[in-house]
Amino acid sequence: MKWFSVIGGSQATSDEVALAEEVGRRLAEADVGIVCGGGAGVMEAACRGAAEAKGLSIGLLPGGSADEGNRWLTASLPTGMGEARNALVVRAGQVVIAIGGGLGTLAEIALALRMGKPVIALRTWTATAPDGAPLPVIAVSSASEVVSAALREAS
């Protein structure tokens, strides 16, 4: 089984929630498990989509209690690491999928690029080097494109 990291804001717009849920469902249908931060917003929506399609999702939680995770997670793993657990979330997936998000998502995108992980971006941050050259973030415009690009990058 392949595992992809899904990152995004704990506070998400209704459009981002709908997209994340569709991405989670499509990943489960493709037999891909989700690794995320385990919280609300984009993470919860992706896990809900996966669960409704009988897929798997693992939440790497910032605190010390498994009860902090959203109710759609297959497994809630408390790390006690706070935001430092973002590095684990990114490291665990073959591909990183970013949907919306704030500065935490931007930091995870930077970590993914630093680790050489493919980043698929849907309505989120873009990245450029100091000289203005674009960094290898693959921007897409739909949930189906997210999954297609992620599966292609994981091959």
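This text follows the structure it describes.
Residues numbered from 1 in each chain as written. Predicted model: local features only at pLDDT ≥ 70, side-chain atom pairs only at ≥ 80, totals over all residues. Heavy atoms only, no water.

Moving on: the overall build of the protein. A count of helices and strands for the protein gives 5 helices and 7 strands. The helix and strand sequence of the protein, counted from the amino end, reads β-α-β-α-β-β-α-β-α-β-β-α. Here the protein has a C-alpha radius of gyration of 14 Å; the compact-globule value for 155 residues is 15 Å, and the two agree. With respect to the principal axes defined by its C-alpha atoms, the protein has extents near 45 × 30 × 30 Å. Split into buried and exposed, the 155 residues of the protein put 45% on the buried side. Once local pairs closer than 6 in sequence are excluded, the contacts in the protein between residues at least 24 apart make up 57%. A total of about 7,100 Å² of accessible surface is found on the protein, and carbon and sulfur atoms cover 53% of it. Taking the average place of the 12 positive charges on the side chains of the protein and the average place of its 15 negative ones, the gap between the two points comes to 5 Å. (Helix = DSSP H or I, 4+ residues; strand = E, 2+ residues; numbered from the N terminus. Rg over C-alpha atoms; globule rule 2.2 N^0.38 Å. Buried < 20%, exposed > 50% of the residue type's maximum accessible area, 1.4 Å probe, protein only. Contact = heavy atoms within 4.5 Å. Areas by Shrake-Rupley, 256 points an atom, 1.4 Å probe, with all protein chains shown as cover. Lys, Arg positive; Asp, Glu negative; His and termini not counted. Charge placed at Lys NZ, Arg CZ, Asp CG, Glu CD.)

Moving on, we come to the side chain of Lys117. Locating Lys117 in the fold gives a position in the loop between α4 (103-114) and β6 (119-122). No salt bridge forms around the buried Lys117; measuring N to O, its nearest opposite-charge neighbour Glu153 is 12 Å away. (Salt bridge = Lys/Arg side-chain N within 4 Å of Asp/Glu carboxyl O.)

Further remarks concern the packing of helix α1 (residues 14-29) against helix α2 (residues 42-52). Taken N-terminus to C-terminus, the directions of α1 and α2 make an angle of 40°; their axes are 6 Å apart at the nearest point. It follows from the interaxial angle that α1 and α2 lie oblique. Between α1 and α2 lies a crossing of right-handed hand. Note on element contacts: α2 touches α1 through Val42, Ala45, Ala46, Arg48, Gly49, Ala50 and Glu52, opposite Glu16, Val17, Ala20, Glu21, Gly24, Arg25 and Ala28. Grouping the amino acids of the contact of α1 with α2 by side-chain chemistry returns 7 nonpolar, 2 polar and 5 charged. (Axes fitted to C-alpha atoms, helices over the stretch in contact; angles between N-to-C directions. Parallel < 35°, antiparallel > 145°, perpendicular 65-115°, else oblique. Left-handed = near helix turned anticlockwise from the far one by under 90°. Nonpolar A, V, L, I, M, F, W, Y, C, P; charged D, E, K, R; others polar.)

Look at α1 against helix α5 (residues 143-154): their axes get within 9 Å of each other, and the N-to-C directions meet at 40°. Classified by the angle between their axes, α1 and α5 sit oblique to one another. In this structure, α1 meets α5 at a crossing whose hand is right-handed. Each of Leu19, Glu22, Val23, Arg26 and Leu27 in α1 lies in contact with α5, whose residues at this interface are Ala143, Ser144, Val146 and Val147. Of the residues assigned to the contact of α1 with α5, the class counts are 6 nonpolar, 1 polar and 2 charged.

The buried count for strand β1 (residues 2-8) comes to 5 of 7 residues, which makes it a mostly enclosed element. Remark: the β1/α1/strand β2 (residues 32-36) crossover connection has right-handed handedness. (Right-handed = clockwise from strand over helix to strand, strands pointing away.)

By the criterion of burial, α2 is predominantly enclosed, with 8 of the 11 residues buried. For α2, the full list of buried residues reads Val42, Met43, Ala45, Ala46, Cys47, Arg48, Gly49 and Ala50. Those residues of α2 that are buried are in contact with β1, α1, β2, β3 (57-61) and β5 (96-99). Trailing α2 by a residue or two, Lys54 shows a phi angle of about 65°, which is positive.

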